[in-house]
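Chain by chain, the residues:
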Amino acid sequence: MEKLRTGLAAAAGILAMGAFAYADENPCADGKDTALKDAAKPLVAESEDAPHATMDADGRAPAGVRKWLDMEPRKATPFDHFARPVTNVNFHHPFIWNELRPLFMYHSFPETGIMDGGHLKLYAFQVFFALTEDIQFMAYKDGYVDFKPGVFDNDTGFADIAFGAKFKVWEDLDGEHGPATFAVGLGYETTSGSTGILEGKGDGFFDLFGSYARSLGEFNFIGTGGVFLPRDKDEDNRTYHWHVHVDTHLGDNLQPLIEINGFHYDGNAERNAGLGPNVPLGIEGYDYTTLGSDNVRDNDVVTGAIGFRHHISEDISWGLAYEKPLTNRRDVMSKRWTMDIVFRF
């Protein structure tokens, strides 16, 4: 266990140094944008002395974001020691929390295959609001995209919007190894986005999912599985998705983490990104988009990520992760950096 914790800590340190080196040497491919580096520096500078999740005698977190909003301090939960997942917009955790989550993705396309290299930058903002102690509203996909692939014309526009609800169905606060919980949810992804960035097409789909979390000694585990259910199987493919997250604590503020994301395609649609049934693409869009491609049934894309979450205060944290495919099949994924800031209130 101790060797694994040490390995995770070393990986987090290497990742952080790699992120700043990447930002210095590769300013988002156009020589001007250093968003990853510039966004991270002030957070690191401000967090040197920040305590994490210290609760008062009544089980409430010290004033933070809620004080800014002139609200009562939030109640402590048995799951406050879990690090929120960083990667993949469809990685739904089971916690019924209030969260505001700005995030930035720098996503590179494979240089071989249909995409012919290039990249995109996504600037998004997720909102999660606890309606009750058991029900949460989710607005989990949106954002502005700077789209620069090798094969298509460069463009900018807005991503499709996805929203839904999550319901906690089970909780065990007295487990032998720590607390555990399970939630189910249903989301819907619209076709509201811009067509020039490969969004805004198809007929929309539902995301039915379940998510489980448990403490395992010094480690925290989150597992999520779901299925995309298209309204029209000729426009979008049924897709099974699954996600695994493991984190541990290194001191009061730092949580190294590992995440794995998988997508299994179970359909052969005919849309093919608007090209029609006579041009089967043979690839799908991972979590970025749905292409409605033919010749993808039984294809799998699995990625792995290493990263960390750093707690600036009891209510504010920032995360960083580097993600690469683990399977030979990559579709639209070559590599990805994801950075977020999470405000809990």
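Now for a look at the structure at hand. Not measured: the values here are computed from a predicted model.

### Some remarks on the overall build of the protein
Phase 1 of the analysis: Each helix and strand counted, the protein has three helices and 14 strands in total.
Phase 2 of the analysis: Within the span of the protein, comprising 345 residues, buried residues form 54% of the whole.
Phase 3 of the analysis: Working note: accessible area of the protein is about 14,800 Å², and carbon and sulfur atoms make up 57% of it.

### A short note on the environment of Asp252
Phase 1 of the analysis: Mapped onto the elements of the fold, Asp252 is located in the loop between β10 (239–248) and β11 (254–265).
Phase 2 of the analysis: Overall, the relative accessible area of 59% leaves Asp252 in the exposed class.
Phase 3 of the analysis: In the structure, Asp252 is positioned 59 residues away from His311 in sequence and 8.2 Å away in space, judged by C-alpha atoms.

### A word on the pattern of salt bridges
Phase 1 of the analysis: Inspection of every chain in the model, using the stated rule, returns 16 salt bridges.
Phase 2 of the analysis: Of the charged contacts, one joins Asp236 and Arg271 as a salt bridge, the two residues approaching to 2.7 Å between their closest N and O atoms. Of this pair, Asp236 sits in the loop between β9 (219–230) and β10 while Arg271 sits in the loop between β11 and β12 (300–311), and the two are 35 residues apart along the sequence.
Phase 3 of the analysis: A salt bridge links Asp331 to Arg329; the nearest nitrogen and oxygen atoms lie 2.8 Å apart.
Phase 4 of the analysis: Judged by its relative accessible area of 31%, Arg329 is partly exposed.
Phase 5 of the analysis: One network of salt bridges, in which partners are shared, links Arg101, Arg309 and Asp340.

### Thoughts on the nonpolar core
Phase 1 of the analysis: In terms of nonpolar packing, the biggest core is built from 27 residues, with Leu120, Leu122, Val145 and Phe147 touching the most fellow members.
Phase 2 of the analysis: The biggest single contributor to this core is strand β2 (residues 118–130), with three residues.
Phase 3 of the analysis: Leave out the neighbours within four places in its chain, and Leu120 touches Met105, Tyr106, His107, Phe109, Val145, Asp146, Phe147 and Tyr288.
Phase 4 of the analysis: Among the nonpolar cores identified, the runner-up in size contains nine residues, and Phe104, Ile312, Trp318 and Trp337 belong to it.

### Comments concerning the packing of aromatic side chains
Between two aromatic rings, the relevant description is the distance of the centres plus the angle of the planes.
Phase 1 of the analysis: A complete count under the given rule lists 16 aromatic pairs for this structure.
Phase 2 of the analysis: Ring centres of Phe263 and Tyr286 lie 4.8 Å apart, and the angle between their planes is 50°; on these two criteria the pair is classed as tilted. Note that Phe263 is positioned in strand β11 and Tyr286 in the loop between β11 and β12, a separation of 23 residues in sequence. As far as the burial class goes, Phe263 and Tyr286 line up, both buried.
Phase 3 of the analysis: Following the ring pairs from residue to residue traces out a cluster consisting of Phe79, Phe82, Phe95 and Trp97.
Phase 4 of the analysis: A cation sits over an aromatic face here: Arg344 above Trp97, 3.9 Å from the ring centre.

### A look at a nonpolar patch on the surface
Phase 1 of the analysis: Residues Phe129, Leu131, Ile135, Phe137, Ile161, Phe163, Phe167, Val169 and Trp170 make up a contiguous nonpolar surface patch of about 790 Å² in total accessible area.
Phase 2 of the analysis: Of all elements in the fold, only β3 (135–141) and β6 (162–172) reach the threshold of two or more residues within the nonpolar patch.
Phase 3 of the analysis: Of all the elements, β6 adds the most residues to the nonpolar patch, at four residues.
Phase 4 of the analysis: Relative to the elements of secondary structure, Phe167 occurs in strand β6.

### Topic: unusual backbone geometry
Phase 1 of the analysis: At Tyr286, a residue that is not glycine, the phi angle is positive and equals roughly 55°.
Phase 2 of the analysis: We note that Asn295 has phi near 60°; this positive angle belongs to a residue other than glycine.

### Topic: the pairing of β11
Phase 1 of the analysis: Strand direction decides the pairing type here: β10 and β11, joined by nine bridges, are antiparallel. Paired with Trp242 across the bridge in β11 is Gly262.
Phase 2 of the analysis: If you look at the hairpin formed by β10 and β11, you'll find five residues sitting between the two strands, and Gly251 has a positive phi there, around 80°.
Phase 3 of the analysis: Alignment of β11 against β12, held across 11 bridges, turns out to be antiparallel. Looking at the pairing, Gly262 lines up with Val302 of β12.

### Comments concerning the side chain of Asn88
Phase 1 of the analysis: Following the sequence through the fold, Asn88 ends up in the loop between α3 (65–68) and β1 (99–108).
Phase 2 of the analysis: Classification of Asn88 as buried rests on a relative accessible area of 2%.
Phase 3 of the analysis: At a separation of 3.4 Å, a polar atom in the side chain of Asn88 contacts the side chain of Tyr286.
Phase 4 of the analysis: The residues touching Asn88, leaving out its near neighbours within four places in the chain, are Met105, His243, Asn261, Phe263, Tyr286, Asp287 and Arg336.

What counts, and where the lines are drawn
Residues numbered from 1 in each chain as written. Predicted model: local features only at pLDDT ≥ 70, side-chain atom pairs only at ≥ 80, totals over all residues. Heavy atoms only, no water. Helix = DSSP H or I, 4+ residues; strand = E, 2+ residues; numbered from the N terminus. Buried < 20%, exposed > 50% of the residue type's maximum accessible area, 1.4 Å probe, protein only. Areas by Shrake-Rupley, 256 points an atom, 1.4 Å probe, with all protein chains shown as cover. Salt bridge = Lys/Arg side-chain N within 4 Å of Asp/Glu carboxyl O. Core = buried A, V, L, I, M, F, W, Y, C linked by side-chain atoms within 4.5 Å. Contact = heavy atoms within 4.5 Å. Phe/Tyr/Trp six-rings, centres within 6.5 Å; stacked < 30°, edge-to-face > 60°. Lys NZ or Arg CZ within 6 Å of the ring centre and 35° of its normal. Patch = residues over 30% accessible without salt bridge, like charges linked within 9 Å, V, L, I, M, F, W, Y side chains within 5 Å. Pairing = 2+ DSSP bridges. Polar contact = N/O pair within 3.5 Å; in protein donor to acceptor, adjacent residues only side chain to side chain.

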